[in-house]
Amino acid sequence: MACTTALLTVLSGCGLLSSGDDAGGPALSEPLGVTAQAGSATSVHVMWNRPASTAAVKGYEVYRGEVRVKQLSATQQMVDVTGLRPRTRYVFTVRARDKDGEPGPASRRASVTTPAAVAADRSAPTRPGGLRGKADGARSVSLSWRKSDDDKGVVSYDVYQGTTKIHSVPGTRTGALLTGLRPGTAYSFTVRARDAADNTSPASGTVRLTTAQGEDEGADTAPADFRATVRRSDGASYIDLTWTAPRTGGDVPAYQVYLDGKQATTVVWGDSAPKGAAKYSFYIGDADGARHRVKIRAQLPDGTWGAFSPERTVTVRQ
């Protein structure tokens with residue numbers, strides 16, 4: 001069973017969740033939410049979240065293609081890979097190491113192309129202005145800012161929590177959705193811009209946010225523009241779903257589909273996760289006039305599930 005296209009499957013079938021325990025305890029699954037963002041012409045910022053399995057993680061290994069380029073402790077879930085070539089495509093994966101130091105399965109691949117080098121560029125971008133934010137439920141916040149100016153162009157924006165870089169987005173974006181936060185917790189964020197020569201701007205102003213109490217995932221983590229329609233084909237009935245992926249800052253590798261209040265299936269994309277509009281169809285085959293309620297939710301970069309889309313009702317017609 002391949003996972004390079006959308007499939008009707010459960011998460012364990014594609015390795016997103018541990019397939020079970022063995023004699024030595026639960027097996028490691030792959031790190032979730034791996035993203036790679038060019039930080040400059042010669043560096044890439046790789047980020048990930050811990051595996052969904054309950055197995056203990058001793059550390060992580062970062063691979064560029066088949067070559068291991070970094071070994072990190074279990075507390076580190078991002079790294080800058082430097083010494084790269086300008087205008088070159090790279091593919092990164094991450095593996096977790098278990099308590100015995102053995103690597104688990106590789107994460108999904110994250111590809112990125114470094115920008116062209118800029119000769120003799122010593123001018124840093126201007127400070128990102130107008131940083132604003134809002135707490136989006138108990139576990140996520142949304143940030144936005146005004147674009148920075150640079151004589152050669154901004155390649156990326158780095159988000160800092162205090163003095164620690166925690167996220168990076170392309171220079172074409174002026175916003176970020178940060179997930180996996182703690183409920184009822186105060187956070188401080190700033191943003192810096194970087195150009196292709198790795199010149200970094202001064203920090204933006206600081207925005208201070210407190211996440212809500214409870215377990216609310218936040219409305220911004222829900223798929224948008226969700227639609228459901230019934231289609232007849234070759235004498236059978238299907239429900240066609242369309243939606244827009246939430247802007248999580250990375251690819252959404254999986255969605256759960258709920259039919260009439262119960263989980264019906266999990267749709268998993270491998271290396272081809274849609275970044276914007278997405279669609280999926282499944283067989284329904286009920287009698288004429290049958291009504292169904294359907295909704296979906298996305299898997300977030302931290303491995304948790306986001307908020308549900310609005311629920312749609314469809315009627316089967318023969």
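Our structure is the block above this text.
Quick caveat, the model's predicted, so the values are computed rather than measured. (Residues numbered from 1 in each chain as written. Predicted model: local features only at pLDDT ≥ 70, side-chain atom pairs only at ≥ 80, totals over all residues. Heavy atoms only, no water.)

K.L.:
Residues and numbers for the nonpolar core, please.
P.N.:
Formed by 24 residues in total, the largest nonpolar core has its most connected members in Val46, Trp48 and Phe92. Listing elements by their share of this core, those giving two or more residues are strand S4 (32-40), strand S5 (43-49), strand S6 (59-64), strand S8 (78-81), strand S9 (89-97) and strand S10 (110-113). Per-element tally for this core: the top contributor is S9, with four residues. If sequence neighbours within four positions are ignored, Phe92 has contacts with Ala36, Val44, Val46, Val62, Tyr63, Arg64, Val81, Leu84, Arg108, Arg109, Ala110 and Val112. Ranked by size, the runner-up nonpolar core spans 23 residues in total, among them Leu241, Leu259, Trp269 and Ala298. (Core = buried A, V, L, I, M, F, W, Y, C linked by side-chain atoms within 4.5 Å. Buried < 20%, exposed > 50% of the residue type's maximum accessible area, 1.4 Å probe, protein only. Helix = DSSP H or I, 4+ residues; strand = E, 2+ residues; numbered from the N terminus. Contact = heavy atoms within 4.5 Å.)

K.L.:
Just give me the short version of the sheet that holds strand S7 (residues 67-73), but keep the residues and values in it.
P.N.:
The four strands lie next to each other as S7-S6-S9-S10, forming an open sheet whose pairing is antiparallel. Looking at which strands have only one partner, the edges of the open sheet turn out to be S7 and S10. Mean inter-strand twist for the sheet, computed between neighbouring axes without regard to direction, equals 25°. Of the strand pairs in this sheet, S6 and S9 are connected by six bridges, and their pairing is antiparallel. By the bridge assignment, Val62 is partnered in S9 with Val94. (Pairing = 2+ DSSP bridges. Axes fitted to C-alpha atoms, helices over the stretch in contact; angles between N-to-C directions.)

K.L.:
An account of the pattern of salt bridges is needed here, citing residue identities and associated values.
P.N.:
On inspection of all chains with the given rule, the structure shows 10 salt bridges. Here Lys165 and Asp80 are joined by a salt bridge, their closest N and O atoms 2.9 Å apart. Of this pair, Lys165 sits in strand S14 (residues 164-170) while Asp80 is found in strand S8, placing the two residues 85 residues apart along the sequence. You can call Lys165 buried: its relative accessible area is 13%. Its salt-bridge partner being Asp149, residue Lys147 comes within 3.2 Å of it at the nearest N-O pair. Sharing partners across several salt bridges, the network here consists of Asp80, Asp158, Lys165, Arg194 and Asp198. (Salt bridge = Lys/Arg side-chain N within 4 Å of Asp/Glu carboxyl O.)

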